[in-house]
Amino acid sequence: MSALSVVTAGHGLLAAGTDVGTIPVPSISYAAIAPILIVLGAACVGVLFEAFVPRGQRFVAQVVLTIAALVAALLDVIAIRGHSVVTASRALSIDPATLYLQGTILVMAILSVLLLAERSVDSGSSIVAQAAVVVGSPADRRLATSERVQTEVFPLALFAVGGMLVFPAANNLLLMFVALEVLSLPLYLMAGLSRRRRLLSQEAAIKYFLLGAFASAFFLYGLALLYGYANSVNLADILTAQNTSTQSDVLLYLGFGLLIVGLLFKAGIAPFHSWTPDVYQGSPTPVTAFMAACTKIAAFGAILRVLYVGFSISAWNWRPIIWVVAIASIVVGSVFGLTQTDVKRILAYSSIAHAGFILIGVISLDKAGLAAILFYLAAYGFTTIAAFGLVTLVRDSNGESTHLSQWSGLARRSPLFAATFTFLLLALAGIPLTSGFIGKFVVFKAAYHLAGPLVVIALIGSAVAAFFYLRIVVMMFFAEPPEDGPSVTIPSAVTTVAITVGTVGTLVLGVFPQPLLDLANNAAKLRG
Amino acid sequence: MTSDAHNLALLLLLAIPLVGSLVVFALPNGSERLAKQVTLLASVLTFIYAVVLGVEFKTGGNRFQFVGSWTWIKSLGVHFAFGVDGIALVLIVMATLLVPCVVLASWNSFDTVAGAEETAPADAPNRSPKTYFALLLLLEVFMVGVFAATDVFLFYVFFEAMLVPMYFIIGSFGGPRRQYAAVKFFLYSLLGGLLMLASVIGLYISAGSSSFAFADLVGKVPEGATQKWLFLGFFIAFAIKAPLVPFHTWLPDAGAEAPAGGAALLVGVLDKVGTFGFLRYCLPLFPEASRYFANPILILSVIGILYAAFLAMGQRDMKRLVSYTSVAHFGFIGLGIFAFTTQGETGAVLYMVNHGMSTGVLFIVVGFLVSRGKSRIVSDYSGVAKIAPRLGGAFLLAGLSALALPGMSTFISEFLTLVGTFTRHKALAIVATAGIVLAALYVLLLYQRTMQGPLSAKVAAIKDFPDLSAIEIAAVAPLITLILVLGVYPKPVLDIINPAVKFTMSDMHQTDPQPSSLVQSGGSK
């Protein structure tokens, strides 16, 4: 009896508005949520693989399973394109924007998993075999050189992807919170799995976990206040409540503020960015690529849904907040990036600045802004995965060499590497004929009539940020190579494919952006 | 601009150097000689084709000719649209002439032209001549594109893309402080470019147009504060590029550290994009704002003429000196453009062409001298004309063209510019005239100190100080010849420029002040 009442209460919260006491049976459109089910199901199978597949075959089995699941989910997303249903007691909205974001997340996830599957650049893989071993102990030193690998990272990644697929689809804040946790918890673990520089990796994991837990708490607290205000956790109901509710607006504003803090944290937007550089630096680089591309897309998907679906009529209230955090992000990303000496940290600050640019697109709260952000997210995803993929290749005997000084003169040894990386940096800087330029252009164009000064600030920020991208170029091309500098490892096919796809994507979206612009424009529909 | 015209002529003009560049990039390492030959062939072909287009150009015809337009990004209203008016045409011909000259100048003494005088020998492997020549051709693609684009978005793309090859030319092949100079050059230009991007977006939105085509935007920008802000975005970008004082500080560094050939293109062509931008975009698109800001800009131009001239006199480094002379010359161009008279504008365009050639040849000749003496410092040289008379002669001719001696084409343009300014702003024209005297001073002092007098100990200590070789003469001869020919008979060029200037003036509803011109300028009376 008590169990039943818990279920009922829980359900009442999920499907607010229905009478407490009756148990509604939510109708679920399984076709629409099939991609999510495929990924989560495959993740469970992956866990079973860990238990039952012999160690020798586990790596291959997991990689095949993961890629197959992601590809199947992607094909399914493509198959149900154009669908627009709100299902599961209005908790999930599978609308064009959701499907676009899910498709983008899946593409980026496939590329990231390809990076994770690399085994030839480091002994074993970039993932540690036994994460719990005490750093510096003899067992740890043996581990560093052993060929042993641990493959739990693949089901973890699948769980995270599952959460990411739900995150931008959730019309119900409680479900959004669950998705947030489902995507975050595996990421906290994955951040601590680096094979080299274990201490840094563990520090990253702890930092990410503690700050992430804080952010989740903020989100939850905001959710509670909004429930108090609107008597519902459904975004559409919260929107109507803003016209009809008799509750104090303080609840609404506080609730919204706390909620958005939780989301801004996930997207790595200043002033909630402080985890980004440490976590990006400490995590295994393929995991960093995964976080930088997929998490960012999912987090922005959720931000867009909350703002567009739940708070569109109080836009004049939150627009100043977006102004402030966008400017803060751009300034922090581009100014603090100047002082960095580690390539991964530079890319982390670059991602903070980019998050600020993307946020500018939110200001206009119209279709053009939404389409622009959708385009930008895909463009940025390709570029950042390829960039981190290239970072994995610069190595000396201690693993990856990410310090800027170690990159000096790389162009002389590996002109192709240096040229590719330079191209990606130019894309991040937003130079024409790269996807970065088109992305910035459409976002700024969408925001221009409402936020002209913000666009100018963003452009000046881009010019400042260009300086640290150029520093890397200067190092690679114009500086003398050190005596015992790192070399560029020739990767196996998986990494090559991921880097090639990312780079070609960056180029193609810069030169022929029309198809993706059309796609994003058609997808720019969110349903409450 | 409707997109029904599909003339391939300008596309072909872009394709020749592009293909050449890709071929040179693809050549195997070590095939330097072949790389040079391919580069020379491609650049000469481009030049010949540009001249053919110049001959085909109908001076009484449409404003834009050889128009070709293809939809590029439909949802943004961006067209891959090309077309040239007289102004763009003469600049394209000048640019395509300068490239083969630079290739020839870099032919034998590549490393020395690259300013290797103070760099460590360990640097040598990075200075792959193949890359240098490929970058030159790539730069040529963007240079032609930036002049030929008739879509504002496309113009912006070329404007920014131009930075990348020049950045690597300076950064990989420049002098001892090349890293600093390359980054400074890139960041200054990028900052200007990004401000322009804000204006490009604002232009598109405030014009209420669904297209970025130049013809769809002219006359559409509402007057008032918006127009002024948009004007400033474009103006700062072009002023940095030009460069007008006080936006000039990157040029002396970039000009000094770039290899001589790169510097010739940087100052000769890239910087013309700034003044070209004033004429093509600032004036027609924002006529009211142009008039509003004209006086401060004119005063800055005059300050630039005098200030840069004094700085030039004080330089110890020859390449910095030449860079400062360019800043002074850009003051004249700015004066001519913002005087809003037909003679002024015509003079400014002719000035751009002449200055491209004269500064180009000056940088190339200074490069020859530096490559022999292994120093850029003026006081290290003296009496060079005694042992290398042909070098001395070329140096003198290049210098005389820079100081606008009558008989040189530069004189005609400087005169037109000043006359054009005088009819509207007498005081400014009179003050600017002092710049001519100062120009004579810094050029002749430079010539006297380096070429005349007793042979300096440093030069005498250099065993191998040859006079100009045949290839080096071939590099400077076409430019000097053209400067002399146009100095006597500038009519063909003026005939091409004049209609375009009239179109520009009519775009901004500007008429010449009465009484009209003192100089016959293509039948305006």
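A quick note: this is a predicted structure, and the numbers were derived from the prediction, not measured. (Residues numbered from 1 in each chain as written. Chains lettered and ligands numbered in written order. Predicted model: local features only at pLDDT ≥ 70, side-chain atom pairs only at ≥ 80, totals over all residues. Heavy atoms only, no water.)

### Topic: the overall build of chain B
Turning to step 1, where the next piece is worked out: Helices and strands together make up the secondary structure of chain B, namely 22 helices and two strands.
Turning to step 2, where the next piece is worked out: In terms of overall dimensions, chain B is globule-like: its C-alpha atoms have a radius of gyration of 22 Å, near the 24 Å expected for 525 residues.
Turning to step 3, where the next piece is worked out: Counted over contacts in chain B with a minimum sequence separation of 6, partners at least 24 positions apart contribute 82%.
Turning to step 4, where the next piece is worked out: A total of about 16500 Å² of accessible surface is found on chain B, and carbon and sulfur atoms cover 67% of it.
Turning to step 5, where the next piece is worked out: Separation between the mean location of the 32 positive side-chain charges and that of the 27 negative ones in chain B comes to 4 Å. (Helix = DSSP H or I, 4+ residues; strand = E, 2+ residues; numbered from the N terminus. Rg over C-alpha atoms; globule rule 2.2 N^0.38 Å. Contact = heavy atoms within 4.5 Å. Areas by Shrake-Rupley, 256 points an atom, 1.4 Å probe, with all protein chains shown as cover. Lys, Arg positive; Asp, Glu negative; His and termini not counted. Charge placed at Lys NZ, Arg CZ, Asp CG, Glu CD.)

### What about the overall build of chain A?
Turning to step 1, where the next piece is worked out: Per the secondary structure count, chain A includes 21 helices and five strands.
Turning to step 2, where the next piece is worked out: In terms of overall size, chain A behaves like a compact globule, its C-alpha atoms giving a radius of gyration of 22 Å where 528 residues would be expected to give roughly 24 Å.
Turning to step 3, where the next piece is worked out: When its C-alpha atoms are laid out on the principal axes, chain A stretches across 75 × 60 × 40 Å.
Turning to step 4, where the next piece is worked out: Classification of the 528 residues of chain A by burial places 63% in the buried group.
Turning to step 5, where the next piece is worked out: At a minimum sequence separation of 6, the contacts of chain A that also span at least 24 residues come to 81%.
Turning to step 6, where the next piece is worked out: Element-wise, carbon and sulfur atoms account for 70% of the exposed surface of chain A, whose accessible area totals about 17900 Å².
Turning to step 7, where the next piece is worked out: Where the 28 positive side-chain charges of chain A centre and where its 22 negative ones centre are 2 Å apart. (Buried < 20%, exposed > 50% of the residue type's maximum accessible area, 1.4 Å probe, protein only.)

### Here we look at the pattern of salt bridges
Turning to step 1, where the next piece is worked out: A complete count under the given rule lists 18 salt bridges over all chains for this structure.
Turning to step 2, where the next piece is worked out: Asp85 of chain B serves as the salt-bridge partner of Arg280 of chain B, at 3.1 Å between the closest nitrogen and oxygen. Of the two residues, Arg280 of chain B is situated in helix H12 (residues 260-285) and Asp85 of chain B in the loop between strand E2 (78-84) and helix H3 (86-105); the sequence distance between them amounts to 195 residues. Summarising the burial analysis for this pair, Arg280 of chain B and Asp85 of chain B share the class buried.
Turning to step 3, where the next piece is worked out: A salt bridge links Asp253 of chain B to Arg320 of chain B; its shortest N-O distance comes to 3.1 Å. Here the residue Asp253 of chain B occupies a position in helix H11 (residues 250-257), and Arg320 of chain B occupies one in helix H14 (residues 318-338), the gap between them amounting to 67 residues.
Turning to step 4, where the next piece is worked out: Residues joined in a network through salt bridges with shared partners are Glu203, Lys207, Asp278 and Arg345 of chain A. (Salt bridge = Lys/Arg side-chain N within 4 Å of Asp/Glu carboxyl O.)

### Concerning the environment of Pro478 of chain B
Residue and element names in this part refer to chain B.
Turning to step 1, where the next piece is worked out: When you line up the elements, Pro478 lands in helix H21 (residues 470-488).
Turning to step 2, where the next piece is worked out: Classification of Pro478 by relative accessible area gives partly exposed; the value is 32%.
Turning to step 3, where the next piece is worked out: Expressed as a C-alpha distance, the spacing of Pro478 and Ile462, which sit 16 residues apart in the sequence, is 30 Å.
Turning to step 4, where the next piece is worked out: In this structure Pro478 touches Leu97, Cys101 and Ile473, once residues within four positions along its chain are discounted.

### Some words on the sheet that holds strand E4 (residues 399-400) of chain A
Turning to step 1, where the next piece is worked out: One open sheet holds the three strands; their spatial order is E4-E3-E5 (chain A), and the pairing between them is antiparallel. Whereas interior strands pair on both sides, the edge strands pair on one side only; in this sheet they are E4 and strand E5 (487-488) of chain A. (Pairing = 2+ DSSP bridges.)

### A few points about the interface of chain A and chain B
Accessible area lost upon the coming together of the parts serves often as the stated size of an interface.
Turning to step 1, where the next piece is worked out: Between chain A and chain B, the residue contacts involve 33 residues of the former and 37 residues of the latter.
Turning to step 2, where the next piece is worked out: Across the chain A to chain B interface the summed buried area is about 3200 Å²; carbon plus sulfur atoms make up 79%.
Turning to step 3, where the next piece is worked out: The interface formed by chain A and chain B contains zero salt bridges.
Turning to step 4, where the next piece is worked out: Summed over the shared surface of chain A and chain B, the result is four residue pairs in polar contact (both at pLDDT 80 or more).
Turning to step 5, where the next piece is worked out: Classifying every residue of the side of chain A that touches chain B gives 25 nonpolar, four polar and four charged. (Buried area = accessible area lost by both parts, 1.4 Å probe. Polar contact = N/O pair within 3.5 Å; in protein donor to acceptor, adjacent residues only side chain to side chain. Nonpolar A, V, L, I, M, F, W, Y, C, P; charged D, E, K, R; others polar.)

### Points about the packing of helix H15 (residues 367-391) of chain A against helix H20 (residues 493-511) of chain A
Residues and elements named next belong to chain A.
Turning to step 1, where the next piece is worked out: Between H15 and H20, the shortest axis-to-axis distance is 8 Å and the interhelical angle comes to 140°. Relative to H20, the element H15 lies oblique. In the packing of H15 onto H20, the handedness of the crossing is left-handed. Contacts from Phe375, Ala379, Phe382, Thr383, Ala386, Gly389 and Leu390 in H15 reach Thr495, Ile499, Val501, Gly502, Thr503, Gly505, Thr506 and Leu509 in H20. (Axes fitted to C-alpha atoms, helices over the stretch in contact; angles between N-to-C directions. Parallel < 35°, antiparallel > 145°, perpendicular 65-115°, else oblique. Left-handed = near helix turned anticlockwise from the far one by under 90°.)

### Side note on helix H9 (residues 235-244) of chain A
Residue and element names in this part refer to chain A.
Turning to step 1, where the next piece is worked out: Among the residues of H9, Leu235, Asp237, Ile238, Ala241 and Gln242 are the ones counted as buried. On an axial view of H9, the arc spanned by its buried residues comes to 150°, and they lie on one face. Those residues of H9 that are exposed and angled more than 90 degrees off the buried face are Asn243 and Thr244.
Turning to step 2, where the next piece is worked out: Where H9 is buried, its residues touch helix H7 (173-191), helix H8 (198-230), helix H10 (249-267) and helix H12 (285-310). (Arc of directions from axis to C-beta.)

### Brief notes about the pairing of strand E1 (residues 65-73) of chain B
In summary, the side chains of a regular strand alternate between the two faces of the sheet.
Turning to step 1, where the next piece is worked out: Counted residue by residue, E1 of chain B has seven buried out of nine residues, so it is predominantly covered.
Turning to step 2, where the next piece is worked out: Between E1 of chain B and E2 of chain B, which follow one another and run antiparallel, lie four residues, and Gly77 of chain B among them has a positive phi close to 70°.

### Some thoughts on unusual backbone geometry
Turning to step 1, where the next piece is worked out: With an omega of 5°, the peptide bond running from Ala270 of chain A to Pro271 of chain A counts as cis.
Turning to step 2, where the next piece is worked out: Phi is positive for Ala88 of chain A, close to 55°, though the residue is something other than glycine.

### Some details on helix H18 (residues 409-422) of chain B
Residues and elements named next belong to chain B.
Turning to step 1, where the next piece is worked out: With 14 residues, H18 extends 20 Å between its outermost C-alpha atoms, agreeing within 8% with the 20 Å of an ideal straight helix rising 1.5 Å per residue.
Turning to step 2, where the next piece is worked out: Those residues of H18 lying buried are Ser409, Thr410, Ile412, Ser413, Glu414, Leu416, Thr417, Leu418, Val419, Gly420 and Thr421.
Turning to step 3, where the next piece is worked out: Next to the buried residues of H18 lie H14, helix H15 (342-373), helix H17 (389-402), helix H19 (426-451), H21 and helix H22 (491-507). (Expected span 1.5 Å × (residues − 1).)

### Quick notes on the side chain of Lys272 of chain B
Residue and element names in this part refer to chain B.
Turning to step 1, where the next piece is worked out: Along the chain, Lys272 falls in helix H12.
Turning to step 2, where the next piece is worked out: No salt bridge is formed by the buried Lys272. Its closest oppositely charged neighbour is Asp271, at 6.3 Å.
Turning to step 3, where the next piece is worked out: Looking at Lys272, its side chain comes within polar contact range of the main-chain oxygen of Val267, at 3.0 Å.
Turning to step 4, where the next piece is worked out: With sequence-adjacent residues up to four places away left out, Lys272 is seen in contact with Leu91, Met94, Phe147, Val267, Phe330, Met352, His355 and Gly356.

### As for the pairing of E2 of chain B
All names here are of chain B.
Turning to step 1, where the next piece is worked out: Most of E2 sits out of view: six of its seven residues are buried.
Turning to step 2, where the next piece is worked out: Strand direction decides the pairing type here: E1 and E2, joined by six bridges, are antiparallel. Directly across from Ser69, in E2, lies its bridge partner Ala81.

### Regarding a nonpolar patch on the surface
Turning to step 1, where the next piece is worked out: On the surface, a cluster of nonpolar side chains totalling about 380 Å² of accessible area is made up of Leu185, Ile206, Phe209 and Leu210 of chain A.
Turning to step 2, where the next piece is worked out: A per-element tally of the nonpolar patch places H8 of chain A first, with three residues. (Patch = residues over 30% accessible without salt bridge, like charges linked within 9 Å, V, L, I, M, F, W, Y side chains within 5 Å.)

### Considerations on the packing of aromatic side chains
Turning to step 1, where the next piece is worked out: All chains considered together, the criterion is met by 59 aromatic pairs over all chains.
Turning to step 2, where the next piece is worked out: Ring centres of Phe437 of chain A and Tyr156 of chain B lie 5.4 Å apart, and the angle between their planes is 25°; this geometry places the pair in the stacked category. You can see Phe437 of chain A sitting in helix H18 (residues 435-447) and its partner Tyr156 of chain B sitting in helix H6 (residues 152-161), one on each of two chains. Each member of the pair, Phe437 of chain A as well as Tyr156 of chain B, is classed as buried. (Phe/Tyr/Trp six-rings, centres within 6.5 Å; stacked < 30°, edge-to-face > 60°.)

### Structural notes on the state of the cysteines
In protein chemistry, a disulfide is the covalent bond that joins the sulfur atoms of two cysteines.
Turning to step 1, where the next piece is worked out: Within this structure, the stated rule accounts for zero disulfides over all chains.
Turning to step 2, where the next piece is worked out: In this structure Cys44 of chain A is a free cysteine whose sulfur lies 19 Å from that of Cys294 of chain A, the closest cysteine sulfur available. (Disulfide = S-S within 2.5 Å.)

### Considerations on the confidence of the model for chain B
All names here are of chain B.
Turning to step 1, where the next piece is worked out: On average, residues of chain B score 88 in pLDDT, and 93% of them are at 70 or above.
Turning to step 2, where the next piece is worked out: Every residue in residues 111-125 is under pLDDT 50, and counting partners more than four places away or in other chains gives 33 contacts.
Turning to step 3, where the next piece is worked out: Between residues 516-525, whose pLDDT stays under 50, and residues either more than four places distant or in other chains, the model counts 16 contacts. (pLDDT = per-residue confidence, 0-100.)

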